[in-house]
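Chain by chain, the residues:
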Amino acid sequence: MKSNDIFLDIIGSSAVAIEALFHDDLMNKVYEQPPFTGSLFERFADLFVDLVKQAARSGKRVVRVLEVGAGTGRLTVMLGQALIDAKMDELCFVDYVTTDVATVLAQQSAARSPWPTVTSVAFDLTSPIEEQGLDIGSFDIVIGFDVLHAIPNVQGTLGKLSELLLPGGHIAILELDGRCFANGAAGSICKYTKVSLM
């Protein structure tokens, strides 16, 4: 293996490399500009609030949310504010867990959120769930922003995330389309509902 290949491998898979990219608030500044703002994000926040309300209307007093790949906390902040704006604390208790492969990023995203019940956990989408301290079948909603493009096996990862869902739970992921950087076009929102077959 050439030294350049080793360097690229370290940069591509290292939590240290990720922390370096997010040092000095650089990525926060990037994420505050188009295409990381706009109506697609507002639609995603609306979808998220609707999913939380749906869970609460089904009788849940506690709705558990897992955010994967929180990075700078852009989504964490936006959805925390959406929960506040929707007065969700009057409807149910939302237990929001924010994660990232880099512990410091998960902690920073939790600290930035205006929602009061956010906790942080280190979580690597490419590692087995059972080795990471999250319980199978323990979340009502799994969310993420621009995280799937960084995963080598998207289908396997979505399958893994579905294991974290309770029956009737939802996965909602916002991914930006590469064209959005060139022409301002939107990305896409994918939503998956776990169906319990008995």
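What counts, and at which threshold
- Residues numbered from 1 in each chain as written.
- Predicted model: local features only at pLDDT ≥ 70, side-chain atom pairs only at ≥ 80, totals over all residues.
- Heavy atoms only, no water.
- Helix = DSSP H or I, 4+ residues; strand = E, 2+ residues; numbered from the N terminus.
- Buried < 20%, exposed > 50% of the residue type's maximum accessible area, 1.4 Å probe, protein only.
- Contact = heavy atoms within 4.5 Å.
- Polar contact = N/O pair within 3.5 Å; in protein donor to acceptor, adjacent residues only side chain to side chain.
- Arc of directions from axis to C-beta.
- Pairing = 2+ DSSP bridges.
- Right-handed = clockwise from strand over helix to strand, strands pointing away.

Q: Would you explain the overall build of the protein in this entry?
A: A tally of regular secondary structure across the protein gives 8 helices and 6 strands. Reading the secondary structure of the protein in the N-to-C direction produces α-α-α-α-β-α-β-α-β-β-α-β-α-β. Relative to its full complement of 198 residues, the protein shows a buried share of 43%. Restricting the contact set of the protein to residue pairs at least 6 apart, pairs at least 24 apart contribute 72%.

Q: Can you walk me through the environment of Gln-132 in this structure?
A: By secondary structure assignment, the location of Gln-132 is in the loop between β3 (118-122) and β4 (139-145). A sequence separation of 11 residues divides Gln-132 from Val-121, and the C-alpha atoms of the two residues are 8.9 Å apart. Look past the residues within four positions of Gln-132 in its chain and what remains in contact with it is Ala-122, Phe-123, Asp-124 and Ser-127. Within the structure, the side chain of Gln-132 is placed 3.2 Å from the backbone oxygen of Pro-128, a separation counted as a polar contact.

Q: Is there a simple way to think about helix α6 (residues 103-112) in this case?
A: Side chains that are three or four residues apart share a direction in an α-helix, a result of its 3.6 residues per turn. Those residues of α6 lying buried are Leu-105, Ala-106, Ser-109 and Ala-110. The arc enclosing the buried residues of α6, seen along the axis, measures out at 135°, which places them on a common side.

Q: Would you explain the pairing of strand β1 (residues 62-68) in this entry?
A: Within a regular strand, side chains alternate between the sheet's two faces. Counting buried positions along β1 yields 5 of 7 residues, so the element is predominantly enclosed. Across 6 bridges, the pairing between β1 and strand β2 (residues 93-100) is parallel. Each bridged residue has a counterpart across the sheet, and for Arg-64 the counterpart in β2 is Asp-95. Once the chain exits β1 it traverses helix α5 (residues 74-85) before rejoining the sheet at β2, and the crossover so formed is right-handed. In terms of strand pairing, β1 meets β4 through 4 bridges, oriented parallel. In the sheet register, Val-68 faces β4, and the bridge partner there is Gly-144.

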